[in-house]
Each structure stands twice: as C-alpha cells, then as structure tokens.
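Architecture and fold: a report
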Amino acid sequence: MMRFKRTDLYTLPLLVYIIYHLKKSMAFTSCGISILTVNYVKQCPEDSKSWQMAAKRMDCDGIEQDCQQGIRADSHQFVFQYHCVINVWRNATLEVCAFNRTLLGYCAEFNILGSVIQDNYYADCTKHDPPCPSVYNSAEAYKYQSCYKLVEQNERNTKIISAAKRTSGNLTTPFISIFFRFIIRKLLHI
Ligand SMILES: *[C@@H]1O[C@H](CO)[C@@H](O)[C@H](O)[C@H]1NC(C)=O
Ligand SMILES: *[C@@H]1O[C@H](CO)[C@@H](O)[C@H](O)[C@H]1NC(C)=O
C-alpha cells in the first residue's frame, strides 16, 4: 500500500505551481519585428497612467506581426504589447513592442540578439529596495522602478571613471615631464 507522508500534501501543489510558472517563463516568445520597434528613451514611465499613455503612443496593436501563431498554444497568455525595459548591459532604457512573459525575480531586459523580453540575470530585483516579486508579468515593469535606476547608477559610475581617468591623465603628464627633466638634468650635470 502506498503511504503518503504529510509533506507530500504540500510538495505536490508547490511543484505544480513551479512547473506552471517555469513553463510560462521559458516559453519561446521571441518575435523578430520587435527589434524594429526599439526606441531608446531617457526615462521609462513612472506609473500606470503614463505607462498607458506611452503604450497608446507606441500603438503596438497596430503593428503587424506574424509571431502569434508560433506561440499559439498559449496565445491568451502572451500579448504583443508595449514594454519599457533596460538593455542587456543595463546602461540604457528602451521602449519596445514585444510579447510579455513571466519573469522570475529579475529586472526585465530586451535582448536585441534574441529579440525577446527576458530576465536580466545580473539584476536580481528581489534584492532591491523595494523588492520586486519573485514572479511577475514583464508588461508591468514600471512597478519596479529600481530596475531603471541601474541605468542611472551605471551612467554615474562611467562618469566617475572617465573623470578619474581625465584627472589622472592631467596629473601624470606634468609629473612625467618633471621627472624626465630631473633625470636629464642629473645626467647632464646642470
Ligand atoms: C553599454 O555597454 C556596452 C558594453 O560595454 C557598450 O558597447 C555600449 O556602448 C554602452 N552603451 C551606452 C549607451 O553607454
Ligand atoms: C501578459 O499580459 C496580459 C495582459 O496584457 C496578461 O493577461 C498575461 O497574463 C500576461 N502574460 C504573462 C506570461 O505574464
């Protein structure tokens, strides 16, 4: 006779839940035409209202795409729609019409090579303040503004590094010339 342990009662629904979300998050939602809609922006919408306005302006519904067939099995789940997300390197924000998908606790990125919205595995937003949920719809990326902030941080870091390079460049040149003048003087005994 089969005997169930008490824990099995909890593991089964948990497994079903995990498989359900994994299936959604691993679905093949790439669509080539998305690349043609990419629009780099300084800022993404901050709330649902500005998100809806941006979505209206971009009019993803009006774009003819023939990718829906490819993901027909789950077509009610994947909608070709407005996204405002970071890029793979987390140094730019962009608007794009793409199929939404389930993300698993990472910032949403648009991957140009794959022409697909996906998790950016370098940006675990469950660790951000405030954190994102461990399962969320990529079409609601505006709710997790900390992901856009990564781009600002990246910009700041790049600026600091290039400023540091400039300063050290300005410092080393006179330093080296003074040093060589010193050596030459020593050699020539002047
Ligand atoms: C972002 O980073 C990549 C890789 O380092 C670089 O090639 C690209 O020019 C950067 N883009 C911006 C907007 O800084
Ligand atoms: C995609 O967005 C639609 C609403 O536009 C939503 O009903 C659906 O659940 C989302 N799909 C995923 C995989 O999150």
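Further up the page is the structure itself.
This section reports on the structure supplied with the text. (Residues numbered from 1 in each chain as written. Chains lettered and ligands numbered in written order. Predicted model: local features only at pLDDT ≥ 70, side-chain atom pairs only at ≥ 80, totals over all residues. Heavy atoms only, no water.)

**Focus on the overall build of the protein**
Convention followed: A run of H or I in DSSP counts as a helix once it spans at least four residues, and a run of E counts as a strand once it spans at least two, with each numbered from the N terminus. For each residue, the accessible area found with a 1.4 Å probe, counting protein chains only, is set against the maximum for its type, and the residue is called buried under 20%, exposed over 50%, and partly exposed in between. In this description, contact between two residues means that some pair of their heavy atoms is separated by no more than 4.5 Å.
Looking only at helices and strands, the protein features three helices and seven strands. Listing every helix and strand of the protein by position from the N terminus yields α-β-α-β-β-β-β-β-β-α. Put simply, the protein has 190 residues, and 33% of those count as buried. Relative to all contacts within the protein whose residues are 6 or more apart in sequence, the contacts with residues 24 or more apart total 60%.

**Details of the layout of surface pockets**
Filter applied, for reference: Cavity: a set of points on a 1 Å grid over the protein atoms alone where a 1.4 Å probe fits but cannot get out. Pocket: an open set with protein on both sides within 12 Å along at least five of seven lines, its lining residues, like those of a cavity, having an atom within 4 Å of a point. Grid points are joined across faces, edges and corners, and a volume is the space filled by probe spheres set on the points. Amino acid classes used here: Ala, Val, Leu, Ile, Met, Phe, Trp, Tyr, Cys and Pro are nonpolar; Asp, Glu, Lys and Arg are charged; the rest, including Gly, are polar.
There is about 290 Å³ of room inside the largest pocket. Every element with two or more residues in the lining of the largest pocket is listed here: β1 (39–41) and α3 (146–188). Sort the elements by how many residues they give to the lining of the largest pocket and α3 lands first, with five residues. Along the lines of polarity and charge, the residues of the lining of the largest pocket split into six nonpolar, three polar and five charged.

**Some words on the sheet that holds strand β6 (residues 116–124)**
Pairing between sheet strands relies on hydrogen bonds along the backbone, with the strands arranged either parallel or antiparallel. How we decide: A strand pair is defined by DSSP finding two or more bridges across the two strands. As a rule, the C-alpha atoms of each element are fitted with a line to give its axis, helices using only the stretch in contact, and angles between N-to-C directions run from 0 to 180 degrees.
Reading across the sheet, the five strands line up as β1-β3-β2-β5-β6 and stay open at both edges, with mixed pairing between neighbours. Either end of the sheet is taken by a strand with one partner, and the two such strands are β1 and β6. Going across the sheet, the axis of each strand differs from the next one's by a mean of 50°, ignoring polarity. Bridge analysis of β1 against strand β3 (residues 93–99) gives three bridges, and the strand direction is antiparallel. Of the residues in β3, the one forming a bridge with Y40 is L94. Strand contacts of helix α2 (residues 48–58): β1, β2 (80–87) and β3, with the helix running at about 115° to β2, the strand carrying the most contacts.

**So, the pairing of β6**
In the sheet, strand β5 (residues 106–111) pairs with β6 via six bridges, with the strands oriented antiparallel. Looking at β6, one finds that A108 is bridged to D119. Where β5 folds back on β6, the antiparallel hairpin that results is connected by four residues, among which S115 adopts a positive phi of roughly 50°.

**Side note on the environment of A108**
Within the element layout of this structure, A108 appears in strand β5. Among the residues examined, A108 registers a relative accessible area of 5% and is labelled buried.

**Brief notes about the site of ligand 2**
Cut-off, in case you're wondering: Near is defined per residue: the residue qualifies when any heavy atom it owns lies within 4 Å of the molecule or strand. Polar contact criterion, stated in full: a pair of N or O atoms within 3.5 Å, where within protein one must be able to donate a hydrogen and the other to accept it, and residues adjacent in sequence count only if both atoms are side-chain atoms. Values of accessible area rely on a 1.4 Å probe in the Shrake-Rupley scheme; residue burial ignores everything except the protein chains shown.
Around ligand 2, the surrounding shell holds nine residues, and the nearest of these are Q77, Q81, N100, T102 and N137. Residue Q77 places a main-chain N or O atom 2.5 Å away from a nitrogen atom belonging to ligand 2. When ligand 2 sits alone it has 360 Å² of accessible area, and the protein chains cover 66% of it. When the residues that make up the shell around ligand 2 are grouped by side-chain class, the tally is two nonpolar, five polar and two charged.

**Considerations on the pairing of β2**
Two faces make up the sheet, and in a regular strand the side chains alternate between them. With seven of its eight residues buried, β2 lies for the most part within the structure. Where β2 and β3 come together, seven bridges link them in antiparallel fashion. The partner of C84 across the bridge, within β3, is E95. Where β2 folds back on β3, the antiparallel hairpin that results is connected by five residues, among which R90 adopts a positive phi of roughly 60°.

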